[in-house]
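# What the coordinates show
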Amino acid sequence: MGKTLFEKIWSAHVVREMPDGSSLLYIDRHLVHEVTSPQAFEGLRLAGRRVRRPDLTFSTMDHNVPTTVDRLTIADPVSRAQVEALQTNCDDFDIQLYGLGDAHQGIVHVIGPELGQTLPGLTIVCGDSHTSTHGAFGALAFGIGTSEVEHVLVTQTLVQRKPGTFKIDFSGRPGPHVFSKDMVLKMIGLIGTAGGTGYVLEYGGEAVQALSMEARMSICNMSIEAGARAGMIAPDETTIEYITRDERPFAPRGEALDRAMAYWRSLPSDADAVFDRTLTIDTGTIAPQVTWGTNPGMVMDIGQPVPEPDAVPGYSREDVQKALDYMGLVPGTHLTDVDLDVVFIGSCTNSRIEDLRQAAAVLDGRRKADHVDLLVVPGSEQVRRQAEAEGLDRIFKAAGAQWRFAGCSMCLGMNPDQLRPRQRCASTSNRNFEGRQGKDGRTHLVSPEMAAAAAVAGRLVDVRTWLET
Amino acid sequence: MQPFTTHTGLVATLSRSNVDTDAIIPKQFLKSIKRTGYGPSAFFDWRYTADGQPDPDFELNQPRFDGRSILVTRNNFGCGSSREHAVWALAQDGYRVIIAPWIERNGQRLPAFADIFRSNTAKNGLLAIELAESEVETIFKSVANQPGLEASVDLAAQEVTLLTPDPVRFRFEIDPGAKEQLLKGLDAIDLTLAHADDIHRFERDHDTWL
Ligand code: SF4
């Protein structure tokens, strides 16, 4: 029987099978950010341990950092202390840091691929659930807790139980103005926020093969929103083209690249590989998606009315009622009739150059509605420079947007970018949990194009018809 | 780490599914660089009103739950962010056990706990117990009917006993590795370091492309 992409990578990284049925797995890349690492480094100090492979460990600052021009002086003393702690830890333990002010600083899941650290066939971990993003390259990448961060720092391994495999096939092609964000939101709506728990998802099918690396990353990024720690896409020529571009300092070159490519080409799941579960989604039927509730599985086609509390499969009446109360919505409402206060374009889901180009194409020659604040935050400083070289920043500013420096920004508002209570936001991020973007803030997850159109209209619109008029 | 063998305590209920780790510990508390001090902030946005007083409408704030150490809740608890702070907050707020149901949807069994959350619990002496939906429903009903209801948990035997006048016993499954770690309070890093030779050997001919 053939092997899946996941099984090939897993078996190539087993250091040792443990008596209880788990495996000791070798980790090829460990990405570190300021929020989930200080207690791990503290643990190392207390035990007198050192970092086993600083050369495989990379660090950046993203969650806490301000995105305004005066960002280097972090006004919040608690945030500043956390950022300084990372600086000290990286100095003390000899870890490469892309800190605030560095040309490569950015959201950890944006800079890994950008720098060529994210490669097919690798195991990649980070103390962050959206580590699943890196699976877009055909790597096995997953989020871990702080105790596991400490474990990887000391041993470069993790003890893991082998998850199941779940193949999601996107057949056909998406219609106009339907993006990978819509594909993944649709998938989460279908299988539920726990539908992938215990599995590694592998995305395939014609629609996925046709996607750019940026678009693939948006899909894998949100695997965790379906409960799956990891999502993967088999490496192909699109992957190799992305990795071998000049600006990827850590990607293999020369003879190493030849060897690597031979390995990468052996990775795709064998034709006769068997998955524990499979699901096929007809991509051609997917409409632009928008969330109406307080988790990413509470999602619908734009144009559908907000559901009745007892009409949502997989949720109790009480859960739906709580979500609607929080969101300030009543059943039957069309979201296209509800005013927005804020539009956020950014986050590790949709802050790459392609996302910004899509938003800019909509905003070009248009202006945001007066009552809407529009925030555009590139995922990394490299993305920011590229966007500025292409003139996208001028389009954003002319449209009335605030054009910022790189960071997580309003995806979670640990930094100064936050929603105020009851503000309603169309957001390209990945989580619409209660309080996620600011206490009592109300989030509707959408694609970058939908977000840009919403900023102009002042409310959500169906970008497919709106752009025609 | 503090081992977990048996525990008897007051049971409190939180009837919500998909409780995410942002709700268990909101972001502003993630700025701390310490491992302690999170207990009073557990469920912060639900627990306190805008002026910082305990919100009487929040289920877990009922006086009858004072001193609780066992939390019974709904499916997919701990989803979302990987923040271990969520587990620290629960443990430091006095919880030793969390019980939630697996459910069935589209013919699939969906686990009670999110993956990363579950793996974080065992590393912090917090026992996550998955029961059937009907069993959890029984506990919810019993707690509603009997203020002060306690339960006792025996990890070695993998049993929860609801201490109603006629005690009800539920058996649960648990990952053998997590069980061992909890029972002995083992340090996971020490255990792995015992295999340092294997790691060294593996590293010698493994290509990381750096
Ligand atoms: S952008 Fe949002 S989801 Fe991504 S790493 Fe930052 S906080 Fe997490």
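This is a predicted model, so every value here is computed, not measured.

## A word on the pairing of strand β10 (residues 199-204) of chain A
All names here are of chain A. In terms of burial, β10 is largely enclosed, as six of its six residues are buried. Burial along β10 is two-sided: Tyr199, Leu201 and Tyr203 and Val200, Glu202 and Gly204, pointing in opposite directions, are all buried. Inspection of the sheet shows strand β9 (residues 164-171) paired to β10 by six bridges, in the parallel sense. For isoleucine 168, the partnering residue across the bridge sits in β10 and is tyrosine 203. Following the backbone out of β9, through helix α6 (residues 180-191) and into the adjacent parallel β10, one traces a crossover that is right-handed. Sheet topology places β10 next to strand β11 (residues 230-233); four bridges connect them, and they run parallel. Within β11, the position partnered with tyrosine 203 by the bridge is isoleucine 233.

## Structural notes on the pattern of salt bridges
Tallied over the entire structure, the rule returns 44 salt bridges over all chains. Glutamate 381 of chain A serves as the salt-bridge partner of arginine 384 of chain A, at 2.7 Å between the closest nitrogen and oxygen. Residue arginine 384 of chain A and its partner glutamate 381 of chain A are both found in helix α13 (residues 381-389); the two are separated by three residues, about one turn of the helix. Each member of the pair, arginine 384 of chain A as well as glutamate 381 of chain A, is classed as buried. The residue glutamate 180 of chain B makes a salt bridge to lysine 184 of chain B at a minimum N-O spacing of 2.5 Å. One end of the pair is glutamate 180 of chain B and the other is lysine 184 of chain B, both in helix α6 (residues 176-184) and four residues apart, which spans about a single turn. Shared partners join several salt bridges into a network, and the residues in it are Arg52, Arg53 and Asp55 of chain A together with Glu203 of chain B.

## A short note on the packing of helix α2 (residues 38-47) of chain A against helix α5 (residues 146-155) of chain A
The description of two helices packed together rests on the angle between their axes and the distance between the axes. Residue and element names in this part refer to chain A. Where α2 contacts α5, the two axes come as close as 8 Å, and the packing angle between them is 50°. By the criterion of interaxial angle, the relationship of α2 to α5 is oblique. For the pair α2 and α5, the sense of crossing is right-handed. Contacts from Gln39, Ala40, Phe41, Gly43 and Leu44 of α2 reach α5 at Thr146, Val149, Glu150, Leu153 and Val154. Its residues placed into classes, the contact of α2 with α5 shows six nonpolar, three polar and one charged.

## A closer look at the interface of chain A and chain B
Counting from both sides, the interface comprises 82 residues of chain A and, opposite them, 57 residues of chain B. Across the interface of chain A and chain B, roughly 5,700 Å² is buried in total on both sides, 55% from carbon and sulfur atoms. Our count for the contact surface shared by chain A and chain B stands at 13 salt bridges. For arginine 53 of chain A, the salt bridge identified is with glutamate 203 of chain B, shortest N-O distance 3.3 Å. Here chain A is connected to chain B by 39 residue pairs in polar contact (both at pLDDT 80 or more). Per-element tally for the side of chain A that touches chain B: the top contributor is α5 of chain A, with seven residues. Here the residues of the side of chain A that touches chain B are counted per class, giving 32 nonpolar, 28 polar and 22 charged.

## Digging into the packing of aromatic side chains
All names here are of chain B. Under the definition given, this model contains 17 aromatic pairs over all chains. When the centroid spacing of 5.9 Å and the interplanar angle of 50° are considered together, the rings of phenylalanine 43 and phenylalanine 58 count as tilted. Placement of the pair is phenylalanine 43 in the loop between α1 (21-24) and α2 (44-47) and phenylalanine 58 in the loop between α2 and β2 (70-73), with a sequence separation of 15 residues. Residue phenylalanine 43 is classed as buried on the basis of its relative accessible area of 1%.

## A look at the nonpolar core
In this structure, Val343 and Phe396 of chain A together with Phe43, Phe77, Ile99, Phe117 and Leu127 of chain B are the most contacted members of the largest nonpolar core, which totals 114 residues. Take this core: its biggest share by element is seven residues, from helix α15 (residues 448-457) of chain A. Setting aside chain neighbours within four positions, we find phenylalanine 43 of chain B in contact with Leu14, Val19, Ala23, Ile24, Phe58, Leu60, Leu71, Phe77 and Leu90 of chain B. In this structure, Ile9, Val51, Leu153 and Tyr203 of chain A belong to the second largest nonpolar core, which totals 89 residues.

## Points about the site of the ligand
Around the ligand, a shell composed of His63, Ile107, His109, Asp128, His130, Ser347, Cys348, Cys408, Cys411, Leu412, Asn430 and Arg436 of chain A is seen. Here the shell around the ligand is composed, by residue class, of five nonpolar, five polar and two charged.

## Structural notes on the sheet that holds strand β2 (residues 23-26) of chain A
Residues and elements named next belong to chain A. Spatially, the three strands line up as an open sheet ordered β1-β2-β8, and their pairing is antiparallel. The open sheet has two edge strands, β1 (14-17) and β8 (157-160), and neither has a second partner. The sheet shows a mean angle of 20° between the axes of neighbouring strands, taken without regard to direction. Across four bridges, β2 lies against β8 in antiparallel orientation. Residue pairing in the sheet places tyrosine 26 in a bridge with threonine 157 of β8.

## What about the environment of glycine 195 of chain A?
The residue glycine 195 of chain A is located in the loop between α6 and β10 in this model. Each C-alpha atom, one on glycine 195 of chain A and one on glycine 112 of chain A, is 28 Å from the other, the two residues being 83 residues apart in sequence. Look past the residues within four positions of glycine 195 of chain A in its chain and what remains in contact with it is Phe166, Ala226 and Arg277 of chain A together with Leu110 of chain B.

## Describing the side chain of asparagine 350 of chain A
All names here are of chain A. Take asparagine 350: it is sitting in the loop between β15 (342-345) and α12 (353-363). Of the residues examined, asparagine 350 reaches a relative accessible area of 2% and is grouped as buried. A polar contact is formed between the side chain of asparagine 350 and the side chain of lysine 181, at a distance of 2.9 Å. With residues up to four places along the chain from it excluded, the contact list for asparagine 350 reads Lys181, Ser218, Ile345, Asp355, Thr428, Val446 and Pro448.

## Concerning the state of the cysteines
Residue and element names in this part refer to chain A. This model, assessed by the stated rule, comprises zero disulfides over all chains. Between cysteine 126, a cysteine without a disulfide, and cysteine 348, which holds the nearest cysteine sulfur, the sulfur-to-sulfur distance is 9.8 Å. The class of cysteine 126 is buried, set by a relative accessible area of 0%. Cysteine 220 forms no disulfide, and the closest cysteine sulfur to it belongs to cysteine 348, at a distance of 12 Å. Note on cysteine 220: relative accessible area 0%, which makes it buried.

## Digging into the sheet that holds strand β9 (residues 168-171) of chain B
Residue and element names in this part refer to chain B. Sheet architecture is open: seven strands sit in the order β6-β3-β2-β1-β7-β8-β9, paired in mixed fashion. Of all the strands in the sheet, the pair left with one neighbour each is β6 (127-131) and β9. Mean inter-strand twist for the sheet, computed between neighbouring axes without regard to direction, equals 30°. In this structure, strand β3 (residues 97-101) lies alongside β6, joined through five bridges in parallel fashion. Across the sheet, residue isoleucine 99 finds its bridge partner in β6, namely isoleucine 129.

## So, the pairing of β9 of chain B
Residues and elements named next belong to chain B. Judged from the four bridges that link them, strand β8 (residues 159-162) and β9 form a sheet pairing that is antiparallel. Paired with threonine 161 across the bridge in β9 is arginine 169. Where β8 folds back on β9, the antiparallel hairpin that results is connected by five residues.

What counts and how
Residues numbered from 1 in each chain as written. Chains lettered and ligands numbered in written order. Predicted model: local features only at pLDDT ≥ 70, side-chain atom pairs only at ≥ 80, totals over all residues. Heavy atoms only, no water. Buried < 20%, exposed > 50% of the residue type's maximum accessible area, 1.4 Å probe, protein only. Helix = DSSP H or I, 4+ residues; strand = E, 2+ residues; numbered from the N terminus. Pairing = 2+ DSSP bridges. Right-handed = clockwise from strand over helix to strand, strands pointing away. Salt bridge = Lys/Arg side-chain N within 4 Å of Asp/Glu carboxyl O. Axes fitted to C-alpha atoms, helices over the stretch in contact; angles between N-to-C directions. Parallel < 35°, antiparallel > 145°, perpendicular 65-115°, else oblique. Left-handed = near helix turned anticlockwise from the far one by under 90°. Contact = heavy atoms within 4.5 Å. Nonpolar A, V, L, I, M, F, W, Y, C, P; charged D, E, K, R; others polar. Buried area = accessible area lost by both parts, 1.4 Å probe. Polar contact = N/O pair within 3.5 Å; in protein donor to acceptor, adjacent residues only side chain to side chain. Phe/Tyr/Trp six-rings, centres within 6.5 Å; stacked < 30°, edge-to-face > 60°. Core = buried A, V, L, I, M, F, W, Y, C linked by side-chain atoms within 4.5 Å. Near = heavy atom within 4 Å. Disulfide = S-S within 2.5 Å.

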